[in-house]
Amino acid sequence: MPDLGKAAEVITTTERQLVKLARKHIPVSTATVQKPLQCSRAIHSSAVVQADYDKDENPPMGRFKVPKKKWFRYNDIVYPPQLPGEPRRPADVCHGRMDIKYSKDKLWYTAGMIRGMTIDEAMKQLTFSPHKGAHIILEVLKEAQQIAVEDHNVEFRYNLWIEESFVNKAKKMKAMGGSKVITVNSCHYYVRISEGKPPKHYFEPVKTGYQQMEEYIKSQRARKIKWSL
């Protein structure tokens, strides 16, 4: 049995250490909890501490009532303070929409089309697209743009570009319609927008025939005979 006389001492500990104290039969009321420093969620470039979330707890996801998925937890990360003279860390916002009644194979083409574009150019391309998925992605981009300006201190709403845009499959529902089976497909759409200008080449540029020939000759000259000198 542990010495209960030591329990009267004031112990400075964290919330995780309270479990260890309870196992040692030390009254929790005798220990003072030192909570970690809190920082405003709106500050994304110069934070106080790095975020440390419990895996069992789900932080609030914002005003758009998005389901609590791991993808949206990236918006709640608090980065450590930057050093003097270090370039400013650009803000990024993760957003999406769950359980869209649309085929992932059809939405994939539209999601891949806007990768690497500025947000204004992406909205222009989606406006002229006749597909249903283009209008869905356009609504998600407008929501993400509003979150970036209001919650992440992005000064100019047009100074954003599409860093990631992809689709994932969701649940599939089946029902009997007379003598046929009716299948309803759904998917999840995810997007990440970042502050600043997009890179010159988001995708690797296509190599010319001369560049491919040089790589082939270089690989042939680098060949070696196994177990040789």
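Refer to the structure above for everything that follows.
The rules behind the values
Residues numbered from 1 in each chain as written. Predicted model: local features only at pLDDT ≥ 70, side-chain atom pairs only at ≥ 80, totals over all residues. Heavy atoms only, no water. Patch = residues over 30% accessible without salt bridge, like charges linked within 9 Å, V, L, I, M, F, W, Y side chains within 5 Å. Areas by Shrake-Rupley, 256 points an atom, 1.4 Å probe, with all protein chains shown as cover. Salt bridge = Lys/Arg side-chain N within 4 Å of Asp/Glu carboxyl O. Lys, Arg positive; Asp, Glu negative; His and termini not counted. Charge placed at Lys NZ, Arg CZ, Asp CG, Glu CD. Helix = DSSP H or I, 4+ residues; strand = E, 2+ residues; numbered from the N terminus. Buried < 20%, exposed > 50% of the residue type's maximum accessible area, 1.4 Å probe, protein only. Core = buried A, V, L, I, M, F, W, Y, C linked by side-chain atoms within 4.5 Å. Contact = heavy atoms within 4.5 Å.

Participant: What exactly am I supposed to notice about a positive patch on the surface here?
Facilitator: Together, Lys-101, Lys-106, Lys-132 and Lys-171 make up a region of like positive charge exposed at the surface. The residue Lys-101 is located in the loop between β3 (92-100) and α2 (104-113) in this model. The exposed category is assigned to Lys-101, whose relative accessible area is 60%.

Participant: What is the right way to read unusual backbone geometry from this model?
Facilitator: Most peptide bonds are trans, and most residues other than glycine sit at a negative phi. With phi around 55°, Asp-99 is a residue other than glycine that occupies positive phi space. On the basis of relative accessible area, Asp-99 is assigned to the partly exposed category, the value being 41%. The phi dihedral of Asn-153 falls on the positive side, at around 60°, and the residue is not glycine. Here Asn-153 shows up in the loop between α4 (132-151) and β4 (160-169).

Participant: What is the right way to read the pattern of salt bridges from this model?
Facilitator: Close approach of charged atoms allows side chains of opposite charge to pair. Counted by the stated rule, this structure contains 7 salt bridges. Among the ionic pairs, Arg-192 bridges to Glu-164, the shortest N-O distance being 3.0 Å. Of the two residues, Arg-192 sits in strand β7 (residues 187-195) while Glu-164 sits in strand β4, which places them 28 residues apart along the sequence. Owing to a relative accessible area of 11%, Arg-192 belongs among the buried residues under this scheme. What makes Glu-164 partly exposed here is its relative accessible area of 27%.

Participant: Would you mind showing me how to read a nonpolar patch on the surface here?
Facilitator: A surface patch of nonpolar side chains, amounting to about 450 Å² of accessible area, comprises Tyr-210, Met-213, Tyr-216 and Ile-217. In this fold, Tyr-210 is placed in helix α5 (residues 209-221).

Participant: Can you help me understand the nonpolar core in this one?
Facilitator: One recurring pattern in soluble globular proteins is that nonpolar side chains are buried together. Within the largest apolar cluster, 29 residues are counted, with the highest numbers of intra-cluster contacts made by Leu-107, Ile-114, Ile-137, Leu-141, Tyr-189 and Ile-193. When residues of this core are traced back to their parent elements, those giving at least two are β3, α2, α3 (119-127), α4, β4 and β7. Here this core takes 9 residues from α4, the largest share from any one element. Once residues within four sequence positions are removed from consideration, Ile-193 is found in contact with Ala-91, Asp-92, Val-93, Ile-119, Leu-141, Ala-144, Gln-145, Ala-148, Leu-160, Trp-161, Ile-162 and Glu-163. Core analysis: the second largest hydrophobic core is formed by 5 residues, Trp-71, Cys-94, Met-98 and Tyr-190 among them.

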